[in-house]
Amino acid sequence: MDRNDQKLRICVCPGSFDPITNGHVDIIDRASKLFDKVIVAVLNNGNKRPEFTIEERLEFLECVFKGRPEIEIDSFSGLLVDFVRKKNASIIVRGLRAVSDFEYELQMAHLNKTLEPSIETLFIMTKISYSYLSSSIVRELARNGGSIDGLVPDCIKDKVLERLSPKNR
Ligand code: PNS
């Protein structure tokens, strides 16, 4: 049986989540309406040096999606397609904010499709109100004393500010 014929439709939402933003939450919530199960996969040991450790980023996600059995939190290192295969998933979900995201996302989708033809990438357009939002914008605001209200989930806001706020550095 092909992975795509499985009854349980599983998708993987991969990312650095450094930290998770409300833009990510919106995409994951919307993916959870389309799939039986969503696996949020946090990249460990990627090229970027993250501000938050893998344990912290996983803890943030656990807190945000507590009480949501259809959303599983996990981490991965190495190739995304290997992780997707290991989880018996068939779809990678990514959010698209603007045309500027498209070139990188297209390259990644083509590469993943070449590596594993049975895995599809599905793009969900970010809500307009989050179209400018990114983890790096959140870090930048927090480092410079700006408000991150409404940009990250409430349950992680204080932890992000505690780490990055100029008052605490
Ligand atoms: O949140 P990000 O940093 O935009 O997420 C990027 C991510 C983690 C999806 C991407 O870097 C990734 O899949 N890395 C794992 C290594 C891999 O499979 N590379 C080939 C596809 S680019």
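The coordinates are above.
Reference entry: report on the structure contained in this document.

Conventions adopted
Residues numbered from 1 in each chain as written. Predicted model: local features only at pLDDT ≥ 70, side-chain atom pairs only at ≥ 80, totals over all residues. Heavy atoms only, no water. Near = heavy atom within 4 Å. Polar contact = N/O pair within 3.5 Å; in protein donor to acceptor, adjacent residues only side chain to side chain. Areas by Shrake-Rupley, 256 points an atom, 1.4 Å probe, with all protein chains shown as cover. Helix = DSSP H or I, 4+ residues; strand = E, 2+ residues; numbered from the N terminus. Nonpolar A, V, L, I, M, F, W, Y, C, P; charged D, E, K, R; others polar. Phe/Tyr/Trp six-rings, centres within 6.5 Å; stacked < 30°, edge-to-face > 60°. Buried < 20%, exposed > 50% of the residue type's maximum accessible area, 1.4 Å probe, protein only. Pairing = 2+ DSSP bridges. Axes fitted to C-alpha atoms, helices over the stretch in contact; angles between N-to-C directions. Contact = heavy atoms within 4.5 Å. Right-handed = clockwise from strand over helix to strand, strands pointing away. Patch = residues over 30% accessible without salt bridge, like charges linked within 9 Å, V, L, I, M, F, W, Y side chains within 5 Å. Salt bridge = Lys/Arg side-chain N within 4 Å of Asp/Glu carboxyl O.

### Observations concerning the site of the ligand
- Among the 14 residues in the neighbourhood of the ligand, the closest are listed as Ser16, Lys48, Leu80, Arg94 and Met108.
- Within the side chain of Ser16, one N or O atom sits 2.5 Å away from an oxygen atom of the ligand.
- Take Lys48: an N or O atom from its side chain is 2.7 Å from an oxygen atom of the ligand.
- Expressed as a share of its isolated accessible area of 530 Å², the protein-covered part of the ligand is 79%.
- Of all the elements, helix H4 (residues 99-115) adds the most residues to the shell around the ligand, at 4 residues.
- A per-class count over the shell around the ligand returns 8 nonpolar, 4 polar and 2 charged.

### Focus on the packing of aromatic side chains
- Overall, the coordinates contain 2 aromatic pairs when judged by the stated rule.
- Consider the rings of Phe76 and Phe83, whose centres lie 5.4 Å apart with planes at 35 degrees: the pair is tilted.
- Look at Phe76 and you get buried, because its relative accessible area is 8%.

### Remarks on unusual backbone geometry
- Of note, the bond from Asp18 into Pro19 is cis; its omega dihedral lies within 30 degrees of zero at 5 degrees.
- Looking at the secondary structure, you find Pro19 in the loop between strand E1 (10-15) and helix H1 (22-34).
- Phi at Asn88 takes a positive value of approximately 60 degrees, unusual for a residue other than glycine.
- Following the sequence through the fold, Asn88 ends up in the loop between helix H3 (80-86) and strand E4 (91-96).
- A relative accessible area of 41% places Asn88 in the partly exposed class.

### Re the sheet that holds strand E3 (residues 71-76)
- In space, the 5 strands of this open sheet follow the order E3-E2-E1-E4-E5, with parallel pairing throughout. Every other strand in the sheet has two partners, leaving E3 and strand E5 (120-125) as the edge strands with one partner each. Across the sheet, the axes of successive neighbouring strands diverge by a mean angle of 30 degrees, strand direction being ignored.
- As defined by bridge partners, E1 adjoins E4 across 2 bridges and the pair is classed as parallel. Bridge pairing in E4 links Cys11 to Ile91.
- Together, E1, strand E2 (37-43), E3, E4 and E5 form the strand contacts of H1, whose direction differs from that of E5 by roughly 120 degrees.
- Docked against the sheet, H4 engages E4 and E5, running at close to 175 degrees with respect to E4.

### Describing the pairing of E4
- When you tally the buried positions in E4, you get 5 out of 6 residues, the bulk of the element.
- With 6 bridges joining them, E4 and E5 adopt parallel strand pairing. When the sheet's bridge partners are listed, Ile91 is paired in E5 with Glu120.
- Since E4 and E5 lie parallel, the crossover through H4 that links them has a hand, and here it is right-handed.

### Section: a nonpolar patch on the surface
- Taken together, the side chains of Leu79, Leu111 and Leu115 define a hydrophobic patch exposed on the protein surface, amounting to about 270 Å² of accessible area.
- Note that Leu115 resides in helix H4.
- Judged by relative accessible area, Leu115 falls into the partly exposed class, the value being 37%.

None of the figures reported here should be taken as evidence of function without further support.
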